[in-house]
Amino acid sequence: MNEVIGKPLNRVDGPAKVTGKARYAADHPHPDLLHGHLVGAAIPRGKILSVDTTEALAQPGVVEIFTHENVSRLAIFDRSYKDQLAPEGHPLRPLQDTQIYFSGQPVALVVAVSIEAARHAAALVRFDYDREDHRMDLERQRPEAEDSGDAPEPRGDVDTALLHSEHAIHQLYETPPEHHNAMEPFASTVILEPDGTYTVYEKTQGVQNCHKYLKKVFSLGDREVKVLAPFVGGAFGSALRPGAQLYLAMLAAVHLQRSVRVVLERKEMFTLGFRPPAIHTLRLGASAAGKLEALCHDSLAATSSFEKFHRPIVEWSAGLYACDNVRTLQEIAPLDTNTPCDMRAPGAAEGNFPIESAMDELAWEAGLDPLDFRLANYAEKDPESGKPYSSKALRECYRLGGERIGWSQRSRACRANREGTTLKGMGMATGSWDAMQMPASARAVLRPDGTLVVSSATADIGTGTYTIMTQIAAGELGLPEERVTFLLGDSTLPMAPVQGGSFTAASVGSAVLKACGKVKRKLVKLAQGLGDSPFDSIDKEEIRLEDGHVVAGDIRMPIPEVLRRAKSKGITCKSLAIPQLLKRRKVTCKTHSAVFAEVSVDADFGTVHVTRVVCAVAAGRILNPKTARSQIIGGVVWGIGMALHEESYLDPESGRFINHDFAGYHIPVNADIGEIEVIFVEEEDEVVNPLGVKGVGEIGIVGTPAAIANAIFHATGKRVRSLPITPDKLL
């Protein structure tokens with residue numbers, strides 16, 4: 001590879017985004033487009049007794065109103081509605097029956113010639129319901145909880161170890177429900193093409209996931225529908241699964257044989273997926289010398305009444321530190337809400353807060369420095385499996401992060417750093433995330449003019465996928481990056497997993513590398529096979545590609561000339577990259593981070609300002625330090641929001657999240673963010689994947705809320721165990 005890899009290349013999709021040329025799901029025009037507006041259920045649980053659409057249908061511009069009374073039955077079995085990420089249970093089937101599972105559940109779709117007409121008529125659709133008792137309180141649902149089945153196997157004897165621990169804590173922590181608030185709302189534009197096929201512009205992290213869903217639900221052939229998402233205005237888990245708007249827009253388009261668009265309003269997005277609330281019980285014990293003797297983490301998280309959603313919450317506690325006695329339990333209990341969904345670092349973000357807060361508490365209890373305590377319990381091998389790590393530079397993250405923020409210079413005592421009414425403090429936490437790889441394919445086409453087009457059906461939700469794939473391809477074929485075009489977000493392109501889990505660089509990147517490697521070998525072979533070739537007597541291993549040329553020693557031949565002389569119309573190669581399971585099964589592959597936070601707290605008002613965050617990350621090879629840094633900063637900002645701002649309030653009577661706009665749901669803005677410094681501690685990892693990358697999309701948020709909470713304790717002496725840490729909790 002040439003030096004393109006590792007360069008802080010500007011985003012190749014940046015000009016399109018800042019000039020407005022990038023079109024998102026609701027931006028695609030069509031001359032005969034209809035607009036749909038959904039009607040949500042007004043009760044949290046029960047059945048529809050009757051529906052009256054008379055007045056709504058009489059409104060000017062209204063074309064049709066779809067309800068359970070006039071929508072034909074679609075696919076019969078649950079499996080047809082299950083997408084790639086569907087949890088166990090019964091996927092929602094809007095407008096297929098009278099059952100109400102949650103408030104805001106789509107119960108009608110009004111289709112009109114304008115969005116204004118559809119919205120007005122939607123307010124005139126009348127429903128009568130048979131309301132049933134509903135469940136909104138997670139703690140009260142504990143008796144109905146069931147084991148999620150994904151907690152690690154226990155090791156040692158936790159109870160005995162706790163009895164003999166010199167220092168111990170037993171505390172309850174809470175993480176609230178949170179909602180995604182991406183810039184681009186959920187939107188679907190279904191275009192009926194002249195040949196009767198459908199082109200769907202969708203806000204999604206997985207075009208092929210949506211494509212398969214539509215085929216199964218609406219009994220369509222493979223080529224009767226395609227899904228496009230070349231640009232996605234933010235998602236991070238909220239757009240992994242096909243949304244209700246996609247189902248409804250497609251239903252209307254198929255029934256009316258017209259093009260239809262459905263866009264959700266901000267408040268409607270609060271009726272869909274969310275990070276579920278969780279209640280955590282932590283019991284930790286340590287010896288007098290600071291050796292972690294026992295660790296117990298039990299969690300109870302919410303799911304819906306019709307699907308069993310769960311993500312690993314407690315496994316991070318079990319695998320973070322060296323400890324012989326560990327027991328974890330993860331339970332889920334149903335609430336009458338929609339099914340939760342993945343939200344940046346799902347499971348890890350909410351699971352890391354209690355364990356890293358508890359580690360801080362135990363360190364203070366034992367009179368130890370929190371960083372020294374973590375170093376004393378550093379896991380040189382995976383504590384669960386005993387396997388070595390493919391690479392782990394966490395110790396270096398601790399050292400560099402601590403030096404940068406001035407950890408050793410801080411006062412050890414709480415409330416010791418005061419300026420007037422301002423209390424200052426520092427805290428830190430460890431972060432961890434799985435370094436995963438999924439099967440993925442890519443196609444590379446080297447054109448006669450020496451330009452390269454590489455494609456895969458992945459997505460770019462603002463993570464820099466366009467850019468890093470361009471760099472990988474350019475690096476492998478020795479091309480200037482401006483000669484490379486990367487295509488994504490099209491369900492007809494080579495197979496790719498949904499963009500999520502921080503595995504896109506590892507998965508799709510490996511496929512791109514492999515496809516371009518095939519092109520490279522074919523090109524070298526062509527160069528050696530030319531008549532009177534200057535390369536024919538040179539070992540192929542000595543031939544390289546550089547700056548658009550085939551090169552060996554002093555010999556340089558432009559790639560277009562090689563193709564012209566070989567009478568080639570170009571080179572096309574496709575590849576499938578799969579994880580190196582034989583190598584990976586012998587090790588544990590994880591990304592690590594050390595997060596240090598500095599806060600200022602107003603002692604009179606309880607307001608908190610995060611003045612500095614230093615996030616030191618060991619994530620394998622960094623393909624592009626500029627886009628990677630942006631990913632970490634984004635994660636840290638989200639972590640600040642999780643620590644201090646974000647919480648969705650579930651009204652126990654209506655069953656609705658009531659702070660469903662930016663006035664009520666607080667997210668951090670520029671004034672809330674202080675200095676954020678990102679340190680990449682590079683690791684050489686030949687096992688994790690051919691590129692040696694681990695992904696940086698999730699790790700920025702993991703550890704940040706706990707580091708801030710620990711800093712607030714250092715500043716104020718108050719330990720807040722329930723997020724977000726709002727001023728009232730500090731007064």
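Residues numbered from 1 in each chain as written. Predicted model: local features only at pLDDT ≥ 70, side-chain atom pairs only at ≥ 80, totals over all residues. Heavy atoms only, no water.

> Looking at this structure, how should I read the overall build of the protein chain?
Across its full length, the protein chain holds 17 helices and 29 strands. Taking 27 Å as the expected radius of gyration for a compact globule of 731 residues, we find that the protein chain reaches 27 Å, a close match to that expectation. Each principal axis of the C-alpha distribution contributes one length, and for the protein chain these read about 80 × 75 × 50 Å. Counting only residues that meet the buried cut, the protein chain has 61% of its 731 residues in that class. Accessible surface, the protein chain as shown: approximately 28,100 Å² in total, 50% of it carbon and sulfur. The positive charge centre, built from 80 side chains, and the negative charge centre, built from 92, are 6 Å apart in the protein chain. (Helix = DSSP H or I, 4+ residues; strand = E, 2+ residues; numbered from the N terminus. Rg over C-alpha atoms; globule rule 2.2 N^0.38 Å. Buried < 20%, exposed > 50% of the residue type's maximum accessible area, 1.4 Å probe, protein only. Areas by Shrake-Rupley, 256 points an atom, 1.4 Å probe, with all protein chains shown as cover. Lys, Arg positive; Asp, Glu negative; His and termini not counted. Charge placed at Lys NZ, Arg CZ, Asp CG, Glu CD.)

> Teacher, can you tell me more about the environment of Gly634 here?
Position of Gly634 among the secondary structure elements: in helix H16 (residues 625–644). On the basis of relative accessible area, Gly634 is assigned to the partly exposed category, the value being 26%.

> I'm lost on the sheet that holds strand S17 (residues 326–334) in this one. Help?
Backbone hydrogen bonds are what pair the strands of a sheet, in a parallel or an antiparallel way. Read from one edge to the other, the open sheet built from five strands follows the order S8-S17-S15-S14-S9, with strand pairing classed as mixed. Two strands lie at the open edges of the sheet, namely strand S8 (146–147) and strand S9 (167–175), each paired on one side alone. In terms of strand pairing, strand S14 (residues 278–286) meets strand S15 (residues 292–303) through nine bridges, oriented antiparallel. When the bridges of S15 are listed, His280 appears paired with Ser299. Its contacts with the sheet place helix H9 (residues 348–365) against S9, S14 and S15, and it is angled at close to 150° to S9. (Pairing = 2+ DSSP bridges. Contact = heavy atoms within 4.5 Å. Axes fitted to C-alpha atoms, helices over the stretch in contact; angles between N-to-C directions.)

> In this structure, what is going on with helix H11 (residues 394–405)? I would like to understand it.
Residues separated by three or four positions in an α-helix point in the same direction, a consequence of the helix having 3.6 residues per turn. Its twelve residues place the ends of H11 16 Å apart at the C-alpha level, agreeing with the 16 Å of an ideal helix rising 1.5 Å per residue. Those residues of H11 that sit buried are Leu394, Cys397, Tyr398, Leu400, Gly401, Gly402 and Ile405. At its buried positions, H11 is contacted by helix H10 (370–376), strand S19 (422–434), strand S27 (590–602), strand S28 (608–618) and strand S29 (673–680). A positive backbone phi angle near 80° is found at Gly406, which sits one or two residues after H11. (Expected span 1.5 Å × (residues − 1).)

> When you look at the pattern of salt bridges in this model, what are you seeing that I'm missing?
Where charged atoms from two side chains of opposite charge approach closely, those side chains can pair. Overall, the coordinates contain 37 salt bridges when judged by the stated rule. Between Glu132 and Arg45 there is a salt bridge, and its shortest N-O distance comes to 3.6 Å. Of the two residues, Glu132 sits in the loop between strand S7 (126–131) and S8 while Arg45 sits in the loop between strand S1 (33–40) and strand S2 (46–52), which places them 87 residues apart along the sequence. Residue Glu132 is classed as partly exposed on the basis of its relative accessible area, which comes to 27%. Arg399 is paired through a salt bridge with Glu403; the nearest N and O atoms lie 3.1 Å apart. One end of the pair is Arg399 and the other is Glu403, both in helix H11 and four residues apart, which spans about a single turn. If you follow the salt bridges from partner to partner, you end up with Arg45, Glu132, Arg135, Glu144 and Asp336 in one network. (Salt bridge = Lys/Arg side-chain N within 4 Å of Asp/Glu carboxyl O.)

> Could you clarify how one ought to interpret empty space enclosed by the protein in this entry?
Summary: where empty space remains is shown by rolling a probe the size of a single water molecule over the atoms. Under the criterion given, the structure shown has five cavities of 30 Å³ or more. In this model, the largest cavity occupies a volume close to 500 Å³. Around the largest cavity, the lining comprises 30 residues; the ones closest to its centre are Arg241, Pro242, Gly243, Ala244 and Asn338. For the lining of the largest cavity, the leading source of residues is helix H6 (residues 244–256), giving three residues. Grouping the amino acids of the lining of the largest cavity by side-chain chemistry returns 17 nonpolar, eight polar and five charged. Of the volumes computed, that of the second largest cavity is approximately 80 Å³. In this structure, the second largest cavity is lined by 14 residues; those nearest its centre are Pro276, Phe309, Arg311, Ile313 and Glu350. Of all the elements in the fold, those that place two or more residues in the lining of the second largest cavity are S15 and S17. (1 Å grid on protein atoms, 1.4 Å probe; cavity = no way out; pocket = protein on both sides within 12 Å on 5 of 7 lines; lining within 4 Å. Points joined across faces, edges and corners; volume = space filled by probe spheres on them. Nonpolar A, V, L, I, M, F, W, Y, C, P; charged D, E, K, R; others polar.)

> Is there a simple way to think about the state of the cysteines in this case?
Among covalent bonds in proteins, the disulfide is the one between the sulfur atoms of two cysteines. A complete count under the given rule lists zero disulfides for this structure. Free of any disulfide, Cys341 has its nearest neighbouring cysteine sulfur in Cys210, separated by 14 Å. (Disulfide = S-S within 2.5 Å.)

> Explanation requested: the sheet that holds strand S20 (residues 440–446) in the structure shown.
Taken together, four strands build an open sheet; the order of strands is S22-S21-S20-S26 and the sheet is mixed. Each of the sheet's edge strands pairs with one partner strand only, and the pair in question is strand S22 (484–487) and strand S26 (571–577). Neighbouring strand axes in the sheet, compared pairwise and without regard to direction, differ in orientation by 15° on average. Where S20 lies against S26, seven bridges are found, and the strand directions are antiparallel. Residue pairing for S26: Leu446 is matched across the bridge by Ile571. Its contacts with the sheet place helix H12 (residues 465–477) against strand S21 (452–455) and S22, and it is angled at close to 135° to S22. Contacting S20, S21, S22 and S26, helix H13 (residues 504–528) runs over the sheet at an angle of about 145° to S26.

> Quick question: what am I supposed to make of the domain arrangement of the protein chain here?
Reports of interface size often rely on the accessible area that becomes lost once the parts have come together. According to the domain assignment, the protein chain consists of domain 1 (34–133 + 183–235 + 239–271), domain 2 (278–436 + 584–729) and domain 3 (438–578). Here the C-alpha centre of domain 3 lies 40 Å away from the C-alpha centre of domain 1. Every contact between the two is made by 19 residues of domain 1 and, on the other side, 17 residues of domain 3. Taking both partners together, domain 1 and domain 3 bury about 1,200 Å²; carbon and sulfur atoms supply 54% of that area. One can count zero salt bridges joining domain 1 with domain 3. Applying the counting rule to domain 1 against domain 3 returns seven residue pairs in polar contact (both at pLDDT 80 or more). Among the elements that make up the side of domain 1 that touches domain 3, the one with the highest residue count is helix H5 (residues 207–218) (four residues). When its residues are assigned to classes, the side of domain 1 that touches domain 3 shows ten nonpolar, eight polar and one charged. (Domains from an automatic or database assignment. Buried area = accessible area lost by both parts, 1.4 Å probe. Polar contact = N/O pair within 3.5 Å; in protein donor to acceptor, adjacent residues only side chain to side chain.)

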